[in-house]
Each structure stands twice: as structure tokens, then as C-alpha cells.
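Summary of the model geometry
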Amino acid sequence: MTIFASVLLAVFLAVMIVPARLISKNGPFSFALYDKNGILIGAQVAADQQWRFEPGPVPEKFKKAIITYEDKRFYRHLGVDLLSIGRAIKLNSQQKRIVSGGSTITMQTVRILEKNPKRTIFQKIHEAWVAVLLELRYSKKKILELYTANAPFGGNVVGLEAASWRYFNRAPTDLTWAEAATLAVLPNQPSLVYPGANSQILLEKRNQLLAKMYENKYFDQTTYELSLAERLPGKPYSLPSECYHYLQYLKHTQKKQQTKFYTTIDSSIQKNCNRVLEQWSYKFSRMGINNAAAIILDTETLEVLAYIGNTGFSNSRNNTTGAVDIIQSKRSSGSLLKPFLYSAMLDSGQLFPQQLVIDVPTRIGSYRPDNNVPKYAGVVPADEALSRSLNIPAIRELREYGISAFMDYLKKCGFTTFNRSSDDYGLPLILGGGEITLWEASRAYANMMNKVSNPRVNFPASSGSAYLTLYALSEGTRPEEEANWQHYANSKRIAWKTGTSSGNRDAWAIGVTGKYTVGIWIGNAEGMGTPDLKSVSTSAPVMFDIFTSLQASSWPPAPQFDLQRITVCSHSGYAASNYCTDTKTISIPRHTPIKTMCPYCNTYSFTPDGKFQASMDDMTGEYYGQLPLLKNCFVLPANLEYWYKRTNIGYVSLPEFVPWHSNVNKDNISIVFPEEGANLVIPIEIDGEQGSMVMQAAVRSQDSTVYWDVDGEFLGTTERKHEMKISPKPGHHILTITDSNGTTKRRSFDVVNDAE
């Protein structure tokens with residue numbers, strides 16, 4: 001290899017290696033979060049406690065200002081400006097001190113990246129050599145970006161972007177000519193940014209630079225005069241921190257090392273959501289409720305428009321728990337899973353929208369769930385049970401659908417937090433026995449809405465069942481305490497669901513429209529419950545307050561392509577049988593199988609005047625020679641009728657049989673409590689005595705007397721109100737009740753000692 005070739009190879013290797021090593025000496029960068037329009041909305045200081053952002057494009061105004069001030073022949077030299085060096089040598093000789101360095105922007109970039117080593121003639125030669133290599137390796141655009149991102153701007157502010165936000169509270173692209181000129185003179189003397197005596201020097205340098213740029217015809221005279229009149233920066237601004245928790249989330253979930261995150265956040269929605277949440281959170285703090293979280297999604301795209309992982313992060317009252325990102329934290333679900341069970345059962349044919357579901361005191365083994373308000377309807381339409389968030393129907397529905405099958409369904413909805421066995425979760429899963437995140441729950445509700453109009457959306461419900469579920473959540477009857485919010489929801493057409501976890505530890509509310517999905521969580525991050533923590537008075541009003549400021553959106557039309565019309569019993573909501581005389585047509589999912597016909601309508605035989613039930617054999621006495629009246633009637637079993645009549649005054653019970661009826665009316669009485677096979681725990685009273693329980697029976701005939709017997713021991717009789725108090729000993733027991741007609745019903749149950 002010739003000497004010339006060796007020299008070329010050495011130069012080539014130097015060009016390839018030295019600049020790359022130099023750039024690798026970049027200091028650590030600050031993490032930065034930008035909204036959908038590129039506006040900085042969140043930042044975190046770099047690991048070395050400097051505000052330093054990753055290099056990016058240099059705005060035109062600053063580019064002209066810095067080149068005019070530092071290196072007017074920047075685009076005409078190869079890293080070293082011999083004319084500038086000559087001028088510097090001459091000037092320094094005349095002044096007998098160093099008043100000019102003659103360094104180009106490229107040489108200054110080398111010096112900055114090498115951490116400003118001591119200035120010597122040998123260091124200057126080194127900087128010049130590396131600057132040439134840098135120019136051979138990278139474009140002028142890249143070099144200017146490196147300089148702009150790493151130049152000092154005073155204190156711990158490094159780079160143009162940090163300086164622009166710190167001193168002027170705006171993006172570099174929005175700087176005025178005067179602001180760009182102010183920042184252009186700082187890297188040469190960063191201490192000028194501090195107020196006091198330096199302010200006059202900074203002002204003079206800025207104005208001199210503005211004069212030069214005016215001479216270069218970068219702007220007109222009016223702009224020049226207005227620029228001279230602009231004030232210098234005052235007290236530095238704090239960098240934006242509106243999305244602290246979202247920035248932390250992105251930092252920990254990024255697939256590659258990055259420091260700048262360009263997001264879909266809408267800064268105006270984010271600011272408003274933050275304002276609303278902080279206002280409510282301050283109010284809740286006086287009730288012992290210290291944390292709140294909110295997320296707003298674009299329903300169709302699932303893009304995050306606002307993300308507040310917690311409130312009060314900078315507030316001394318909540319400095320520790322405020323750092324917890326509740327949106328990503330696993331919390332008890334409360335009642336938020338009920339709509340997914342409802343949609344699953346609509347598709348499976350186990351439920352129709354207005355089908356009557358059982359709502360009576362229930363015990364399953366040793367588990368005794370209860371409604372949020374201990375009132376029972378006997379039976380209630382399924383869609384109403386959902387909108388009123390009744391627990392008893394939900395428990396019974398989950399038992400019918402299957403816990404394991406429902407867990408598989410939830411995973412297809414996007415829930416990833418159910419990692420225990422179905423036996424471990426049990427039936428309480430539907431009432432908050434499992435944990436979810438606000439992130440996954442909000443996305444699942446949004447996808448349910450998306451499925452209505454787009455069958456290709458990855459969501460297990462059909463378009464038809466998704467629509468019917470959301471319809472129930474937007475139009476259904478609400479509990480009394482939610483009546484005011486229901487009025488608001490109807491005015492804006494929102495499908496919404498609330499939930500409060502056991503022990504009042506979590507209050508949820510999620511609302512969804514065709515455009516927006518709003519998810520709210522209220523509570524204490526450390527899990528402490530409080531009686532005042534109820535969704536109706538905390539999370540629901542916050543959600544509606546946020547919806548107030550959001551643009552109204554249209555409601556998707558019914559997906560006729562995935563719905564079918566069927567005839568159902570007007571009373572029971574089941575598919576109409578031949579015995580149903582009052583029917584109507586409703587919509588159900590197109591592929592839903594019809595499994596069960598109406599079980600409550602049947603043909604009954606009455607005396608011709610309708611006063612009594614009677615068979616053909618009963619047509620004696622005053623009815624001799626007449627035929628019984630056959631009539632189709634809607635009749636509930638006695639145990640359901642017992643509760644149903646309390647809230648449905650229009651319900652008509654069957655009359656009694658004629659007094660001489662020879663057959664036993666087997667359906668006249670029913671045991672309401674305890675349930676068959678119940679495993680009961682009777683608490684020990686304070687005085688150490690065995691506690692008691694109240695047994696209940698339902699009787700169709702108001703005039704019937706009920707005789708009570710447990711284990712062959714007669715306890716007494718009841719009339720009209722059929723309840724009997726007893727203090728049974730631990731062990732197995734058999735309850736027997738008999739009415740005036742001799743009808744007998746039996747039920748076995750077990751009592752376990754409270755100590756066990």
C-alpha cells in the first residue's frame with residue numbers, strides 16, 4: 001500500500017470514527033412529552049439534573065440569529081474559518097488579551113461535546129482538526145442541530161428547546177425575532193440571563209444582533225422597531241408538567257430507548273380535565289378521599305386524549321400517594337364487569353333484554369350476596385337489572401353462564417389482570433372480586449361502542465349485543481340516587497356505568513359516546529375505604545362534569561345487519577309461548593338461539609264467575625252443570641310473587657281454589673329463606689348466647705295459616721306475614737311448613753358455629 005493510500009485510509013477512518021465518538025458524548029437527555037400538535041406538555045430533567053432535549057430541527061429565526069452572531073460564514077467553510085482566526089489573532093494582539101477566539105459553530109460544537117476542556121493552543125488545534133472531520137462526516141444541518149441542542153443557556157438550561165420554554169414559555173418555533181436574538185447571544189456568555197447588572201449588557205448585545213439582522217434584510221423596519229421594544233425575559237418559567245403519569249407510563253413501556261414522545265394528547269382537553277379533576281379532588285380531600293384519576297379516549301381510534309394518573313402530585317397533602325399512576329394500577333372492579341356478562345348472555349341466548357331475572361334474597365353455599373340497597377323486586381327485567389346495577393341478578397346470571405367461561409370472555413375483551421383460577425375468584429368476581437385497571441376497562445367500553453358499527457373490531461360481543469348493552473346503559477332505569485345523573489345522560493346520550501368496590505375503597509364511572517370514552521376512578525391510593533366514597537356522589541359527577549366540556553357526538557344507529565326481531569311475552573320478556581296472550585316484538589342479536597319459552601304464562605281453570613280456581617270436578621253446588629272458565633295467565637312462583645307484589649301493584653295473583661277443592665294446591669306456599677342446602681353461620685351474641693335467624697315463607701292465599709316445624713319440633717303458626725325466628729344449634733336441620741289446606745314444603749339446611 002502506498003503512502004498516499006495509507007493517508008487516505010487513515011483520513012477515512014478518522015472521518016468515520018472520530019465524529020461518531022464525539023456525538024456519543026452527548027449528555028443524557030430530558031424526557032419530553034408532546035401533544036398532537038407538537039406542543040410540549042410534560043418534561044423531566046435529565047439524569048445529570050440538566051434541562052437538555054434531544055436534538056431536533058432548528059427554527060429559521062434562531063438559525064439566522066445564531067449564524068449572524070457566531071459564524072456568518074458557517075455555510076462557506078469546512079469547519080475552520082481562516083479569515084475569522086486571522087481577525088482574532090490581530091484583535092487579540094492589539095488588545096494584548098484574548099477578546100476573540102475565532103471559533104466556528106462547528107469548533108464550538110466540538111468543544112461543548114468534549115465538556116469544555118482548558119483552553120490552550122494545542123486544544124484549539126485539536127478542535128479545528130475534529131471540526132473538519134465533523135464537517136466531512138455530517139451535514140451543516142446536522143451540525144447546527146448538535147450545537148443548538150447542546151449549547152449552554154445559563155444555569156442548568158442546555159439547548160435551545162429547554163431555553164425557549166424556560167425563558168419564554170413557548171416552543172422554539174414560536175419565538176419572535178427579539179426572543180431568538182436574545183437566546184442567540186447567551187451561549188457565548190450564559191451568565192447574562194441572570195437579572196440585575198447583566199440585564200443592560202444582554203439588552204445591548206440583543207439589540208446589536210437585531211441591527212445586524214435588519215441590515216441583512218431578514219425583517220422589515222416595523223418588525224425591527226417592535227423587536228427593539230420587546231422586554232427581556234424575567235423569572236424563568238417552570239417546564240410543563242401536565243402529563244406526569246403518562247410520561248412515566250411511556251418511559252417504562254417504550255420498546256426502544258427514546259426521550260421524546262409525540263402523542264395523541266389534546267392539550268386543551270388535558271388542561272380542562274386536569275382542572276375539573278383537581279377541583280373535585282380538593283373537595284373530596286375534606287372527606288378523607290385523597291386521590292383521583294381520569295382518562296379520555298377517542299372512542300373510535302382508542303387514542304389517548306387526556307391522561308391524569310392521579311391528582312395532588314405537587315400538593316403536600318398527597319405528596320406520596322399522588323405519584324401512583326392509578327390508571328395502570330389494579331383495583332377492585334366493583335360493578336364495572338356487569339355489562340360484559342350481559343352482552344355475553346345476550347349472544348348465548350341465555351338472556352333477552354327484557355327477560356325477567358330473579359331478584360330475591362339468595363344464598364349459594366356459604367355465600368350470601370346482597371343488593372347495594374337491601375330491597376328486592378322478586379323478578380326484574382334484565383336490562384333494568386343492569387342499569388340499576390342489581391347484584392343478586394348478576395350473581396345468578398354468572399352462575400348460569402359459568403365463571404370460567406366468563407373469564408375467557410373478559411380476556412377477549414382485553415382484560416389481562418385475571419390470573420387466578422375461576423374457583424379462586426368464584427361468584428364474587430362479578431361484584432368486584434377481581435381487579436382491573438382503568439386503562440383496560442376504558443378501552444373495553446370503547447371497543448364495545450366500536451363493535452356496534454364495525455363488526456371487524458376485535459371484541460367478543462356481536463354488534464347486536466353490544467348495541468343492546470349500550471342502549472340499556474344509556475336509556476335504562478337507574479337507582480334512585482342516580483336519578484339526577486340519568487337526566488343529564490339522557491340529554492347528552494351517554495352509555496355509562498358506575499361501580500363501588502366492597503368496603504368503599506374504589507369508586508368508578510365510565511361513560512362512552514360515539515366520539516369520547518371517559519373513565520374515572522376516585523379513592524385512596526393506599527386502599528383505605530371511607531363511607532363517603534360512593535360512585536354516585538364522587539366518580540359519576542366528575543365524569544359528567546368532564547363530558548360537559550366535550551363536544552357532543554352522534555349516537556351510532558342500530559346495527560340492523562346484526563339484529564333480528566322476535567315475539568316475546570310482554571310480561572316476562574321470554575320468547576312467547578302459546579299461553580302468552582300479551583306479546584310484543586323486540587330486537588335480539590341476529591345469531592342468538594332461542595332456548596327457553598315463557599315459563600310464567602300458562603292455562604288456568606276458574607269458576608265461570610272468575611272468583612275461584614276450579615277443576616271440572618269442582619263444578620258442583622252453585623256451579624253445577626257449568627263448565628270451568630279456561631284462561632291464560634301470567635303467574636309467578638310463590639317465592640317470587642312474595643317480593644314482586646310489593647313493587648308491582650298491578651300484578652294480580654291467582655284466586656284460591658273453591659273451598660271444596662279436593663286436590664292440594666301445591667303452588668300455594670313456598671319457602672323463601674333459607675335456600676335448599678344453605679350453609680348458614682349464626683353469629684354468637686355479645687352475651688355469649690347463640691344468635692338467631694329469621695325464616696321466611698311466601699303464601700298466595702292471604703287467609704292461609706302456616707304451621708312451622710324444624711326437626712319435628714313444632715315452632716308455632718303465622719298469618720299474613722309469614723316469618724319465624726329461630727336459634728338453631730350447629731348441625732343439619734330440616735324445616736317443614738304446612739298451610740291450612742295441608743300443602744307441605746320441606747327444606748334442609750346446615751348451621752355452622754360462628755367460631756368455625
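1. A short note on the overall build of the protein
For the protein, the count of helices and strands is 22 helices and 26 strands. Buried positions account for 53% of the 756 residues belonging to the protein. Residue pairs in contact within the protein that sit at least 24 positions apart in sequence constitute 65% of those at least 6 positions apart. Approximately 35300 Å² of the protein is accessible, and the part contributed by carbon and sulfur atoms is 51%.

2. Quick look at the environment of Gln355
Residue placement: Gln355 occurs in the loop between helix H13 (338–348) and strand S9 (356–359). Judged by its relative accessible area of 8%, Gln355 falls in the buried class. Remark: the alpha-carbon pair of Gln355 and Cys569, spanning 214 residues in sequence, is separated by 8.8 Å. With near-sequence residues (within four places) excluded, Gln355 lies in contact with Gln350, Val380, Pro381, Ala382, Ser572, Gly573 and Tyr574.

3. Some details on the sheet that holds strand S21 (residues 693–699)
Neighbouring strands of a sheet are bound in pairs by backbone hydrogen bonds; such pairs are parallel or else antiparallel. Strand order in the open sheet formed by three strands is S19-S21-S24, and the pairing between neighbours is antiparallel. Sheet topology places strand S19 (669–673) and strand S24 (723–726) at the edges, where each strand pairs with a single neighbour. Pairwise comparison of adjacent strand axes, ignoring direction, gives a mean angle of 25° for this sheet. By the bridge criterion, four bridges tie S19 to S21 in an arrangement that is antiparallel. The residue bridging Ile669 from the neighbouring strand is Val699, located in S21. Strands S19, S21 and S24 of the sheet are contacted by helix H22 (residues 638–647), whose axis makes an angle of about 70° with S19.

4. Points about the packing of aromatic side chains
What describes a pair of aromatic rings is the distance from one ring centre to the other and the angle between the planes of the rings. Applying the stated criterion across every chain, the model contains 28 aromatic pairs. Between Trp177 and Phe219, the ring centres sit 5.0 Å apart and the planes meet at 55°, which makes this aromatic pair tilted. Taken together, the residues Trp177 in helix H8 (residues 177–185) and Phe219 in the loop between helix H9 (198–215) and helix H10 (221–229) connect sequence positions 42 residues apart. For the ring pair Tyr600 and Phe634, a centre distance of 6.2 Å and an interplane angle of 85° mean the geometry is edge-to-face. Of the two residues, Tyr600 is situated in the loop between strand S16 (583–589) and strand S17 (601–606) and Phe634 in strand S18 (residues 629–634); the sequence distance between them amounts to 34 residues. Of the residues examined, Tyr600 reaches a relative accessible area of 9% and is grouped as buried. Aromatic ring contacts, followed pair by pair, group Phe340, Phe415, Phe418, Tyr425, Tyr445 and Phe459 into a single cluster. Lying across the ring of Phe74, Lys140 places its NZ or CZ 4.6 Å from the centre. The ring of Phe31 has Lys251 lying over it, and the distance from NZ or CZ to the ring centre is 4.6 Å.

5. Observations concerning the side chain of Ser267
Assignment of secondary structure puts Ser267 in helix H12 (residues 267–285). Other than its neighbours up to four places away in sequence, Ser267 contacts Asp35, Ile39, Ile41 and Glu242.

6. Some remarks on the confidence of the model for the protein
Of the residues in the protein, 88% reach a pLDDT of 70 or more, and the chain-wide mean stands at 87. Confidence over residues 314–318 falls short of pLDDT 50; this stretch has 10 contacts with residues more than four positions distant or in other chains.

7. As for unusual backbone geometry
Look at the link from Phe673 to Pro674: it is a cis peptide, with omega at 10°. Among the secondary structure elements, Pro674 is positioned in the loop between S19 and strand S20 (678–682). Of note, Leu302 is a non-glycine position whose phi angle comes to about 65°, a positive value. Along the chain, Leu302 falls in the loop between strand S6 (291–298) and strand S7 (304–308). Despite not being glycine, Ser389 shows a phi value in the positive range, around 55°. Considering the arrangement of structural elements, one finds Ser389 in the loop between helix H14 (382–387) and helix H15 (391–401). Note on Ser389: relative accessible area 9%, which makes it buried.

8. Describing the nonpolar core
Of all hydrophobic cores here, the largest spans 75 residues; its most connected members are Leu337, Phe340, Phe406, Phe415, Phe418, Leu429 and Ile430. Of the residues forming this core, the biggest block, eight residues, is contributed by helix H18 (residues 438–453).

9. Re the packing of H8 against H9
Closest axis-to-axis distance for the H8/H9 pair is 9 Å, and the angle between their directions is 115°. Crossing geometry of H8 relative to H9 is assigned as right-handed. Facing H8, whose interface residues are Trp177, Ala178, Ala181, Thr182, Ala184 and Val185, H9 presents Leu202, Lys205, Arg206, Leu209, Leu210 and Met213. Classifying every residue of the contact of H8 with H9 by side-chain character gives nine nonpolar, one polar and two charged.

10. Side note on the pairing of S24
Here S24 shows one buried face, formed by Met724 and Ile726, and one open face, formed by Glu723 and Lys725. Pairing geometry for S21 and S24, over four bridges, is antiparallel. Following the sheet pairing, Met695 is matched in S24 by Met724.

11. Here we look at the pairing of strand S13 (residues 506–512)
Within a regular beta strand, the side chains point alternately toward one face of the sheet and then the other, so they alternate between its two faces. The element S13 is extensively covered by neighbouring structure, given that seven of its seven residues are classed as buried. Bridging between strand S12 (residues 495–500) and S13 involves six bridges; their strand directions are antiparallel. Within S13, the residue paired with Lys497 across the bridge is Ile510. Between the antiparallel neighbours S12 and S13 lie five residues, among them Gly503 with a positive phi of about 80°. As consecutive antiparallel partners, S13 and strand S14 (residues 516–523) are separated by three residues.

Procedures and definitions
- Residues numbered from 1 in each chain as written.
- Predicted model: local features only at pLDDT ≥ 70, side-chain atom pairs only at ≥ 80, totals over all residues.
- Heavy atoms only, no water.
- Helix = DSSP H or I, 4+ residues; strand = E, 2+ residues; numbered from the N terminus.
- Buried < 20%, exposed > 50% of the residue type's maximum accessible area, 1.4 Å probe, protein only.
- Contact = heavy atoms within 4.5 Å.
- Areas by Shrake-Rupley, 256 points an atom, 1.4 Å probe, with all protein chains shown as cover.
- Pairing = 2+ DSSP bridges.
- Axes fitted to C-alpha atoms, helices over the stretch in contact; angles between N-to-C directions.
- Phe/Tyr/Trp six-rings, centres within 6.5 Å; stacked < 30°, edge-to-face > 60°.
- Lys NZ or Arg CZ within 6 Å of the ring centre and 35° of its normal.
- pLDDT = per-residue confidence, 0-100.
- Core = buried A, V, L, I, M, F, W, Y, C linked by side-chain atoms within 4.5 Å.
- Left-handed = near helix turned anticlockwise from the far one by under 90°.
- Nonpolar A, V, L, I, M, F, W, Y, C, P; charged D, E, K, R; others polar.

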